[in-house]
Amino acid sequence: MLISIKEFKMNRKVIILSLLTLFLFQACNNDKKPSESTTEAVKLASPDFDADSAFSYTKAQVDFGPRIPSTTAHAKCAAYLEEKFRSFGAQVFVQQAAAQTYDGKKHQLKNIIVALYPEKTQRILISAHWDARPFSDQDPDPKMKNQSFDAANDGASGVAVMLEMARQLQKKQPNVGVDFILWDIEDYGKANDESPNETTWCIGSQYWAKNQPVKGYKPLYAINLDMVGGGNAQFAQDEISRKYAANIVSKVWSIGNEIGYGAYFINMPSGSLIDDHFWVNQAGIPCIDVIHYTDNTGFYMNWHTQLDNLNNIDRNTLKAVGQTMLETIYREKPLVN
Ligand SMILES: [Zn+2]
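Residues numbered from 1 in each chain as written. Predicted model: local features only at pLDDT ≥ 70, side-chain atom pairs only at ≥ 80, totals over all residues. Heavy atoms only, no water.

1. Thoughts on the overall build of the protein chain
Right, on to step 1. The number of helices and strands found in the protein chain is nine helices and 10 strands.
Right, on to step 2. For the protein chain, restricting intrachain contacts to residue pairs at least 6 apart in sequence, the fraction spanning at least 24 positions comes to 81%.
Right, on to step 3. Roughly 14,100 Å² of accessible area belongs to the protein chain as shown, and the carbon and sulfur atoms make up 53% of that amount. (Helix = DSSP H or I, 4+ residues; strand = E, 2+ residues; numbered from the N terminus. Contact = heavy atoms within 4.5 Å. Areas by Shrake-Rupley, 256 points an atom, 1.4 Å probe, with all protein chains shown as cover.)

2. Comments concerning the side chain of Thr-317
Right, on to step 1. Following the sequence through the fold, Thr-317 ends up in helix α9 (residues 315–330).
Right, on to step 2. With a relative accessible area of 0%, Thr-317 lands in the buried category.
Right, on to step 3. For Thr-317, the residues in contact, after removing those within four places along its chain, are Val-228, Gly-229, Gly-230, Gly-231, Asn-232, Ala-233, Phe-235 and Tyr-264. (Buried < 20%, exposed > 50% of the residue type's maximum accessible area, 1.4 Å probe, protein only.)

3. Topic: the environment of Leu-310
Right, on to step 1. Of note, Leu-310 is situated in the loop between β10 (298–299) and α9.
Right, on to step 2. Taking C-alpha positions, Leu-310 is 9.6 Å from Ala-156, a pair spaced 154 residues apart along the chain.
Right, on to step 3. When sequence neighbours within four positions are dropped, the list of residues in contact with Leu-310 reads Phe-55, Thr-58, Lys-59, Val-62 and Ala-152.

4. Describing the sheet that holds strand β5 (residues 221–226)
Right, on to step 1. Taken together, the six strands give an open sheet; going across it, the order is β1-β2-β4-β3-β5-β8, and neighbouring strands pair in mixed fashion. Each of the sheet's edge strands pairs with one partner strand only, and the pair in question is β1 (91–100) and β8 (287–291). Adjacent strand axes in the sheet meet at a mean angle of 20°, parallel and antiparallel pairs treated alike.
Right, on to step 2. Docked against the sheet, helix α4 (residues 72–87) engages β1, β2 (106–116) and β4 (177–183), running at close to 10° with respect to β2.
Right, on to step 3. Along the sheet, helix α7 (residues 239–258) contacts β5 and β8; its crossing angle with β8, the most-contacted strand, is approximately 65°. (Pairing = 2+ DSSP bridges. Axes fitted to C-alpha atoms, helices over the stretch in contact; angles between N-to-C directions.)

5. Digging into the environment of Gly-155
Right, on to step 1. Among the structural elements, Gly-155 can be located in helix α5 (residues 152–169).
Right, on to step 2. Taking the relative accessible area as the measure of exposure, Gly-155 reaches 3% and is therefore buried.
Right, on to step 3. Contact partners of Gly-155, with chain neighbours within four places excluded, come to His-129 and Asp-131.

6. So, the pairing of β4
Right, on to step 1. Among the seven residues in β4, seven count as buried, and that is most of the element.
Right, on to step 2. Sheet analysis places strand β3 (residues 123–129) next to β4, joined by seven bridges and oriented parallel. The residue of β4 that forms the bridge with Ile-126 is Phe-180.
Right, on to step 3. The β-α-β motif built from β3, the intervening α5 and the parallel element β4 has right-handed crossover chirality. (Right-handed = clockwise from strand over helix to strand, strands pointing away.)

7. So, the nonpolar core
Right, on to step 1. Counting 63 residues, the largest nonpolar core has Phe-85, Ile-126, Met-165, Phe-180, Leu-182, Leu-225 and Phe-265 as the members making the most contacts within it.
Right, on to step 2. In terms of residue count, the dominant contributor to this core is α5 (10 residues).
Right, on to step 3. With near-sequence residues (within four places) excluded, Ile-126 lies in contact with Met-162, Met-165, Val-178, Asp-179, Phe-180, Ile-181, Ile-223, Leu-225 and Ile-329.
Right, on to step 4. Counting residues in hydrophobic clusters, the runner-up holds 10 residues, among them Trp-183, Ala-222, Ile-285 and Cys-287. (Core = buried A, V, L, I, M, F, W, Y, C linked by side-chain atoms within 4.5 Å.)

Here it is as C-alpha cells:
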C-alpha cells in the first residue's frame, strides 16, 4: 500500500511514540486475544476459515523471495498462484500487458483473475495485490532503504486469505459466485507521488479498469484486502470506501463486529486512500478497502520496512479478515428477479 495521507509524514515522530506506547501496553496484555472471546456464541453461515492454512500460503509466497515485477521470484510465484487456484476448482485467467513504472523500467504486467462458480450470475469480487515493493524506503536504517523486503503482510497476506477462502468455497457452495483478482504492480509507486490520483501506484488495477477482460462485468460489490496479516491490525473506514460503497462498509464492518472481530473492524472513519479499490470504483463497481490503517496510527507499523516479514504475521488477523469475508459471502441471499 501507498502513501497518501500527507499529515502522516508530518506526524511521524508522534506516531512512533504512540506506537511505542501501544506496543508496551499490548506487551503487558498479550494474553488477550480479541478473536477468541465471542465467536463461539454466534452461529456462522460460513465454513471455518483455517488461519494455519492461510499462514502457510503466506509463507509459500514469501519463500519465493520478494515478488518484484520482472524477477524470477515474481514469475515463479505467478505460476504457483495460478496452479493453486486451479487446484481449488477455479477458472483462472491471466491478464497480461506491457507496463512501465515511474523509474522508466518496463515490465510484463500479470493480473491473475480467478472465478469460482462461474455459472452464477450474482457475483462478489475480492481482490488484493500480489506484487512486492522493490525497496523498503520506510525502513529506519538509511542503508536498507534501497533493499528489497519480504512483503509478507503488504502483498502476501491478502493473497493468502483469498487462497484459503477459495479452498473453503469449493467445499460448500454459496448463493453467489465469487471472483478473485490478484493485482500486479500495485506497490511500485513513487514515494510522495503528487499527481492527482497518484497514478505511479496501482498500475495493475488501473490497467484492468480501462481494459476489462469481460465486457459488462458487474459484480454486486467488491472488497480489496491490503495488509491483512499484521499484529494488532485495525481497519478504519476510508473516505473512498465510504463515498462509493457506504452500504458495503456498513455490511462488512457490522458482520465483523457481530462475529467477534470488532477489535479489527473498528467503527472509525479515516481519510482518503488511493488504493486498488479506487480504480475498481472508477470501473463502476462499488468497492471498499480493508487496509491496516487509521488516521491516528498510520499504516501497519512495519509497512515498507525490512520487518514486513513472516515473523510479524499474526494468524489472529488472518482469521479475523478471512472469516469476516467468508461470512459476508455466505450471508448473501440469491436475488429474485
Ligand atoms: Zn505497500
